[in-house]
Amino acid sequence: MLSTRGLVKVYPGPVTALNGIDLDVSSGMFGLLGPNGAGKSTFMKILAGLLEPTSGSVTLDGADILAKPELHWPRLGYLPQEFGFYPHLTGEAMLEHLLALKGVTAPQGRKKLVAELLERVNLGFAAKRSVKGYSGGMRQRLGIAQAVAGNPRLIIVDEPTAGLDPEERLRFYHLLAELAADRIVLLSTHIVEDVAVLCPRFAVIREGRLLAVTTPAEARAAIEGQIFEGTVSVGELARLRAERTVTKALLVEGRHHARIYEPSGSPPPGFASSPVNLEDAYLVLMRLGALPRLEAVGG
Ligand code: ADP
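Residues numbered from 1 in each chain as written. Predicted model: local features only at pLDDT ≥ 70, side-chain atom pairs only at ≥ 80, totals over all residues. Heavy atoms only, no water.

## Re the domain arrangement of the protein
Working step 1: Each domain of the protein was delimited in the assignment, giving domain 1 (2-219) and domain 2 (225-275).
Working step 2: Between the C-alpha centres of domain 1 and domain 2 there is a distance of 37 Å. (Domains from an automatic or database assignment.)

## Structural notes on the nonpolar core
Working step 1: With 58 residues, the main nonpolar core has Leu142, Ile144, Leu176 and Leu291 as its most contacted residues.
Working step 2: It is helix α10 (residues 278-288) that provides the largest number of residues to this core, a total of six residues.
Working step 3: Judged by nonpolar contacts, the second largest core, of 26 residues, contains Ile21, Val25, Phe43 and Ala203. (Core = buried A, V, L, I, M, F, W, Y, C linked by side-chain atoms within 4.5 Å. Buried < 20%, exposed > 50% of the residue type's maximum accessible area, 1.4 Å probe, protein only. Helix = DSSP H or I, 4+ residues; strand = E, 2+ residues; numbered from the N terminus.)

## Regarding unusual backbone geometry
Working step 1: At the junction of Gly13 and Pro14, the peptide bond is cis and its omega measures out at -5° in the coordinates.
Working step 2: Relative to the elements of secondary structure, Pro14 occurs in the loop between β1 (2-11) and β2 (15-25).
Working step 3: The backbone phi angle of Asn122 is positive, close to 65°, even though this residue is not glycine.
Working step 4: Looking at the element boundaries, Asn122 is found in the loop between α4 (110-120) and α5 (136-148).
Working step 5: Of note, Asn151 is a non-glycine position whose phi angle comes to about 50°, a positive value.
Working step 6: With respect to the helices and strands, the residue Asn151 is situated in the loop between α5 and β7 (154-158).

## Topic: the packing of helix α3 (residues 91-102) against α4
Working step 1: Direction vectors running N to C along α3 and α4 enclose 115°, while the axes themselves pass 10 Å from each other. In this view, α3 runs roughly perpendicular relative to α4, as classed from their interaxial angle. As for the relative orientation of α3 and α4, their crossing is right-handed in sense. Contact residues: α3 offers Glu92, Leu95, Glu96, Leu99 and Ala100, while α4 offers Arg110, Lys111, Leu113, Val114, Leu117 and Leu118.
Working step 2: Split by residue class, the contact of α3 with α4 holds seven nonpolar, no polar and four charged. (Axes fitted to C-alpha atoms, helices over the stretch in contact; angles between N-to-C directions. Parallel < 35°, antiparallel > 145°, perpendicular 65-115°, else oblique. Left-handed = near helix turned anticlockwise from the far one by under 90°. Contact = heavy atoms within 4.5 Å. Nonpolar A, V, L, I, M, F, W, Y, C, P; charged D, E, K, R; others polar.)

Okay, here's the thing in structure tokens:
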């Protein structure tokens with residue numbers, strides 16, 4: 001179990017990036033969903049032992065990981081948002097270098113471990129190619145290879161799918177799901193689909209505070225019967241936005257297919273009830289700061 005209590009981070013400025021985060025995460029995949037600037041990367045860096053919080057505590061299986069973070073690095077895997085690669089190295093040489101930096105021991109030799117890790121993330125075929133020719137998805141997988149080296153208890157993945165094409169994203173989803181079978185994988189993202197696809201539990205963060213810690217089914221149920229769908233002209237959309245909470249507007253053949261949140265349960269003419277999706281729930285949560293029928297968290 002990973003637990004944080006009263007985690008606060010104030011950067012010089014001062015900017016309060018985290019404003020008291022209490023969170024418990026057990027094995028499996030857990031999502032941290034929030035808009036840009038919400039505090040996700042700050043949170044992830046603290047958990048990875050790379051940034052000191054202003055106050056608060058972090059424990060992993062009961063052990064304080066802030067006191068001596070370097071002792072816990074072997075039990076942690078971290079894939080940052082921006083990964084520094086040496087473009088001229090081959091994938092194999094780059095990974096070997098990263099393992100050396102991380103201090104991963106390889107009783108049967110580092111070369112063997114590198115080959116195994118590359119196979120595991122489906123990069124064996126590109127081991128001898130230089131990293132500069134790797135696609136975004138291949139670079140992410142190389143990052144995951146270093147993160148899983150040493151079989152860590154906790155893997156921290158910060159915004160991994162931004163910039164991946166749909167096929168690469170799917171492949172990356174499969175890899176993450178596999179990793180979460182027997183450890184904690186914490187995934188931060190601003191993409192609701194990442195959570196919908198991967199995470200049985202997730203938290204929503206905004207302005208350094210958790211707005212909800214829930215499951216996709218609970219979040220959807222919290223606004224069931226309150227989402228409606230209809231078609232409006234381009235001109236009508238502005239008025240709809242002014243009067244209602246629009247959770248999605250998609251332009252199709254010159255008209256907007258709009259989804260709206262209507263807590264009264266009575267929609268405007270031409271709108272019909274629609275099953276709630278996670279994106280609706282997230283947008284309503286962002287707009288209201290809490291979801292009806294869902295217990296609020298934090299202070
Ligand atoms: P996210 O990952 O959700 O986009 P961040 O954790 O990067 O959010 O940022 C949270 C807030 O802290 C933002 O307002 C950001 O501008 C600010 N911030 C992040 N890093 C620093 C820093 N090194 N110095 C000052 N402010 C920072």
